[in-house]
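Survey of secondary and tertiary structure
Single-letter residue listing:
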Amino acid sequence: MKKEEFKLIKPINHIAFIMDGNGRWAKKRLLPRTAGHKEGCKRIIENIRTCKRLGIKVVTLYAFSTENWNRPQKEIDLLFEYLKDFFNDYIDEFISSGVRIMVSGDITRLPLQTQEVINKGIELTKDLNSFVFNICLNYGSRQEIVRAVKNCINDIKDNKIDLDNINIDTFKNYLYTKDLPEIDLLIRTSGEERLSNFMLYQLAYSEFIFTKTYWPDFKEKELIECLKEFESRDRRFGKITEE
Ligand code: IPE
Ligand code: IPE
Ligand code: MG
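All values derive from a computational prediction rather than experimental measurement.

**Brief notes about the site of ligand 1**
Taken together, Met19, Asp20, Gly21, Asn22, Gly23, Arg24, Arg33, His37, Ala63, Asn68, Arg71 and Leu79 are the residues near ligand 1. In this structure, an oxygen atom belonging to ligand 1 sits 2.8 Å away from a side-chain N or O atom of Arg33. Burial of ligand 1 by the surrounding chains reaches 89%, relative to a free accessible area of 380 Å². In this structure, ligand 1 is accommodated by the largest pocket. Of all the secondary-structure elements, those providing two or more residues to the shell around ligand 1 are helix H1 (22–28) and helix H2 (33–53). In terms of residue count, H1 provides more of the shell around ligand 1 than any other element does, three residues in total. Partitioned by chemical class, the residues of the shell around ligand 1 number three nonpolar, five polar and four charged.

**Details of the site of ligand 2**
Within the structure, ligand 2 sits among Ile18, Met19, Asp20, Tyr62, Ala63, Phe64, Ser65, Asn68, Arg71, Arg188, Arg194 and Ser196. Within the side chain of Asn68, an N or O atom sits 2.8 Å from an oxygen atom of ligand 2. Here an oxygen atom of ligand 2 sits 2.7 Å away from a polar atom, N or O, in the side chain of Arg194. Relative to its free-state accessible area of 380 Å², ligand 2 is covered by the protein chains to the extent of 78%. Applying the majority rule of atoms within 2 Å of the grid points places ligand 2 in the largest pocket. With four residues, the single largest contributor to the shell around ligand 2 is strand E2 (residues 58–65). Broken down by class, the residue content of the shell around ligand 2 amounts to five nonpolar, three polar and four charged.

Calculation rules
- Residues numbered from 1 in each chain as written.
- Chains lettered and ligands numbered in written order.
- Predicted model: local features only at pLDDT ≥ 70, side-chain atom pairs only at ≥ 80, totals over all residues.
- Heavy atoms only, no water.
- Near = heavy atom within 4 Å.
- Polar contact = N/O pair within 3.5 Å; in protein donor to acceptor, adjacent residues only side chain to side chain.
- Areas by Shrake-Rupley, 256 points an atom, 1.4 Å probe, with all protein chains shown as cover.
- 1 Å grid on protein atoms, 1.4 Å probe; cavity = no way out; pocket = protein on both sides within 12 Å on 5 of 7 lines; lining within 4 Å.
- Sits in = over half its atoms within 2 Å of the grid points.
- Helix = DSSP H or I, 4+ residues; strand = E, 2+ residues; numbered from the N terminus.
- Nonpolar A, V, L, I, M, F, W, Y, C, P; charged D, E, K, R; others polar.

Written as structure tokens, this is what we have:
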């Protein structure tokens, strides 16, 4: 008998992943840490496909933090090499399946070739709207908030917006994620239970799931387990649940 396909009962607009545990996955196999990043890239595309199939509209993936520059240069170089290959390998699939590529973070510090491939991907997919893949690169949430405040102040000085019109809806327009729906669910792999400077503003009412699975082992089965857990949660947004 064919296994029943999992379907989401409650729709999810936006799911965010802190992919973590690539290094430990590799270490456990006596491989260099970068082997974990290479394997991890395979899970990125697979998890995007699964989310898309389930009707999720946006995937945000934390791939490189502002703090990750403190890692050995060789690891950083290889990680960006693999990310470049990732976009080269899947750009045609993104275009044909309506995936818009978007970046949160300042990519101008990335290796030039990686920047070029990503910018090409953004340009080629800018009008697509079935799905958004938002990759966070050289991203730090505190930096994003400070940048937003500065841009906001400049707009006030230039009379583009009135101070009285700054509120939680208009402030959102200064964040990288301005065009995206609220994050419904955050999943962090690898067992760490922290945000590591990720989307501090955007996660205000998201559900959090921390799983011990290392990212390179985080396949469809593990994702569906998290989605089931999400569906069992009662999101109250400050209200009370009817008796
Ligand atoms: C996540 O895996 C990838 C990045 C942060 C770039 P890690 O490289 O952090 O793997 P661990 O946490 O050391 O196992
Ligand atoms: C967070 O993972 C950053 C990304 C996933 C890109 P880290 O592995 O860098 O976080 P810490 O150092 O464990 O907090
Ligand atoms: Mg880590």
